Amino acid sequence: MSLQQKAYAWIGSPVGVSLMDGTGTSGILCSVQGGSIYLIEYLYHTQFATKHYAFNQIRDIYPFPQCPQPQLLYQAKPMY
């Protein structure tokens, strides 16, 4: 799947973005426009920023995995 196809498929989802310079970022993929993706990223406290990254800056885009289901550590047995 191409980067553009991944980007369109994951609009509205949390993603990790691997950049060509070896760094990365994560956030909610908001839109795809004019050869760029727009990602809302958490800054600090109550501040968020929408940042854009051109496709030629992006190595790959990964959807966040699902949270694992909680596992019971032990099965309680009746005391009688």
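Residues numbered from 1 in each chain as written. Predicted model: local features only at pLDDT ≥ 70, side-chain atom pairs only at ≥ 80, totals over all residues. Heavy atoms only, no water.

Another point: the pairing of strand β4 (residues 47-54). In the sheet, strand β3 (residues 36-44) pairs with β4 via eight bridges, with the strands oriented antiparallel. Opposite Tyr42, over in β4, you have Phe48 as the bridge partner. Linking β3 to β4, which pair antiparallel, is a turn of two residues; within it His45 sits at a positive phi near 50°. (Pairing = 2+ DSSP bridges. Helix = DSSP H or I, 4+ residues; strand = E, 2+ residues; numbered from the N terminus.)

Judged by side-chain polarity, Tyr42, Leu43, Tyr44 and Phe48 come together as a nonpolar surface patch covering roughly 460 Å² of accessible area. It is β3 that contributes the most residues to the nonpolar patch, three residues altogether. Position of Phe48 relative to the elements: it lies in strand β4. (Patch = residues over 30% accessible without salt bridge, like charges linked within 9 Å, V, L, I, M, F, W, Y side chains within 5 Å. Areas by Shrake-Rupley, 256 points an atom, 1.4 Å probe, with all protein chains shown as cover. Salt bridge = Lys/Arg side-chain N within 4 Å of Asp/Glu carboxyl O.)

The sheet contact formed by strand β2 (residues 24-33) and β3 spans five bridges and is antiparallel. Along β3, the bridge assignment pairs Gln33 with Ser36. Linkage of β2 to β3, two consecutive antiparallel strands, is achieved through a turn of two residues, within which Gly34 is found at a positive phi near 55°.

The analysis is restricted to geometry; functional conclusions fall outside its scope.
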